[in-house]
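# Structure assessment
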Amino acid sequence: LKLSGALKGALEMFLNESALIIARILRLVLLICIINHYIACFWYYISVEQGAGAPGQKLKAGWVARMGLEGAPTEYLYMTSLHWSMTQFTPASMEVFPGTVAERTYAVVTLLFALLVFSSFVSSITSAMTSLQELNGQAQTDKQFVVLKRYLRVNGVEQELALRINRYLTYAVRMKRAAIQRRDVELLAQLS
């Protein structure tokens, strides 16, 4: 009964920590989507404010007019703007490009902003994935200790000896994780 309680506690901790890390990742993705929404809306606004430009001066027109999308459905215009916004955050391309000074300025500012935000986003995702991997490794170790305790109990090992074995192995695992092995220091191979 005690054994299943310990296993249940370890499993609950693992699931809670995993759920928190996954929620953190989802929150970051949602934040990127919200940022892209606002960037897309302002990109569309700038284009509409530029209008069709003067007759014969197509480059002074906003992207909506340049692409002949004045009568296009709102959903299509929004998704096109959102697509443009998302391409600023990733190494992607699309057929919509800035053509006026206002659009070009907004595109440059957005690109610089996206560079900072996306690099932070990638860093946070990498950190979260590393935490998940470490948590999984800890869960495996906890599972091994549960199996060890069951083995010792089933084989009639005295409780005092079982406790000493458990303490020693806990210490040994902690020391092994903290220790830096020679194979972990790649530069030492250069000392030949």
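Here's a quick rundown of the structure. Residues take numbers from 1 onward in each chain, read along the sequence in its written order. It should be noted that, the model being predicted, local features are given only for residues of pLDDT at least 70 and side-chain atom pairs only at 80 or more, the latter also being counted only at that level, while totals for whole chains, interfaces and linings use all residues. By convention in this description, side-chain values take in all heavy atoms of the structure and omit both hydrogens and water.

## Focus: the packing of helix α3 (residues 74–89) against helix α4 (residues 101–154)
How two helices pack is summed up by the angle between their axes together with the distance between the axes. In this description, a line fitted to the C-alpha atoms serves as the axis of each element, helices being fitted only across the stretch in contact, and the angle between N-to-C directions of two axes falls anywhere from 0 to 180 degrees. Per the convention used, a helix needs a DSSP run of H or I reaching at least four residues, while a strand needs a run of E reaching at least two, with both numbered from the N terminus. One way to put it is that α3 packs onto α4 with a least axis distance of 8 Å and a crossing angle of 55°. The orientation of α3 with respect to α4, classified from their angle, is oblique. Across the interface between the two elements, Trp84, Gln88 and Phe89 of α3 pack against Tyr106, Ala107, Thr110, Leu111, Phe113, Ala114, Val117 and Phe118 of α4. Only Asp, Glu, Lys and Arg are considered charged, only Ala, Val, Leu, Ile, Met, Phe, Trp, Tyr, Cys and Pro nonpolar, and every remaining residue, Gly among them, polar. The residue inventory of the contact of α3 with α4, partitioned by class, reads nine nonpolar, two polar and no charged. Each angle gets one of four labels, with under 35 degrees taken as roughly parallel, over 145 as roughly antiparallel, 65 to 115 as roughly perpendicular, and the rest as oblique. What makes two residues a contact is simply this: any of their non-hydrogen atoms within 4.5 Å.

## Topic: the environment of Tyr78
As for its placement among the helices and strands, Tyr78 is situated in helix α3. The sequence separation of Tyr78 and Ala40 amounts to 38 residues, and the corresponding C-alpha distance is 7.2 Å. Among all residues touching Tyr78, those that are not within four sequence positions of it are His37 and Cys41.

## Concerning the packing of α4 against helix α5 (residues 159–178)
With their axes 11 Å apart at the nearest point, α4 and α5 run at an angle of 160° to one another. Classified by the interaxial angle, the pair formed by α4 and α5 is roughly antiparallel. Relative to α5, the crossing made by α4 is right-handed. On the side of α4, the interface is formed by Gly137, Gln138, Thr141, Phe145, Leu148, Lys149 and Leu152, while α5 contributes Ala162, Ile165, Asn166, Leu169, Thr170, Val173 and Arg177. Of the residues that constitute the contact of α4 with α5, the class distribution is seven nonpolar, five polar and two charged. We call a crossing left-handed when the near helix sits turned anticlockwise from the far one by less than a right angle, and right-handed when that turn is clockwise.

## Things to note about the pattern of salt bridges
Definition used for salt bridges: Asp or Glu carboxyl oxygen within 4 Å of a side-chain nitrogen of Lys or Arg. Summed over the entire model, instances satisfying the criterion amount to one salt bridge. Here Glu103 and Arg66 are joined by a salt bridge, their closest N and O atoms 3.1 Å apart. Highlighted residues: Glu103 in helix α4 and Arg66 in helix α2 (residues 63–66), separated in sequence by 37 residues. The two residues Glu103 and Arg66 agree in class, both being buried. For every residue, the accessible area obtained with a 1.4 Å probe (protein chains only) is divided by the maximum for its type, and the residue is called buried under 20%, exposed over 50%, and partly exposed between those limits.

## Here's the deal with the side chain of Asn166
By secondary structure assignment, the location of Asn166 is in helix α5. The buried category is assigned to Asn166, whose relative accessible area is 16%.

## Brief notes about the nonpolar core
For our purposes a nonpolar core is just a set of buried Ala, Val, Leu, Ile, Met, Phe, Trp, Tyr and Cys residues, chained together by side-chain atoms within 4.5 Å. In this structure, Trp63, Trp84 and Phe89 are the most contacted members of the largest nonpolar core, which totals 20 residues. At the level of elements, α1 (2–50), α2, α3 and α4 are the ones that each hand at least two residues to this core. Residue contributions to this core peak at six residues, all from α1. Residue contacts for Phe89: discarding those within four places in its chain leaves Ile32, Ile35, Asn36, Ile39, Phe113, Ala114, Val117 and Phe118. Formed by five residues, the second largest nonpolar core is a distinct cluster that contains Ile21, Ile25, Ala128 and Leu135.

## Description of the packing of aromatic side chains
Ring geometry is summarised as follows: Phe, Tyr and Trp rings, the Trp one being its six-membered ring, pair when their centres sit within 6.5 Å, and such pairs are stacked at plane angles under 30 degrees, edge-to-face over 60 and tilted between the two. In total, this model carries seven aromatic pairs according to the counting rule given. Note on Trp43 and Trp63: the rings are 6.2 Å apart at their centroids and 10° apart in plane angle, and the pair reads as stacked. With Trp43 in helix α1 and Trp63 in helix α2, the pair connects residues that are 20 residues apart, well separated along the chain. As far as the burial class goes, Trp43 and Trp63 line up, both buried. Look at NZ for Lys and CZ for Arg. If either is within 6 Å of the ring centre and within 35 degrees of the ring normal, a charge sits over the ring. Arg66 extends its terminal NZ or CZ atom over the ring of Phe97, reaching a point 5.0 Å from the ring centre.

## A few points about the environment of Leu163
Here Leu163 lies in helix α5. The spacing of Leu163 and Leu152 is eleven residues in sequence and 9.7 Å in space, taken between C-alpha atoms.

## What about α4?
Look at α4: 78 Å from first C-alpha to last across 54 residues, which is about the 80 Å you get at 1.5 Å a residue. Gly156, located one to two residues past α4, shows a positive phi value of around 70°. A helix is expected to span 1.5 Å multiplied by its residue count minus one.

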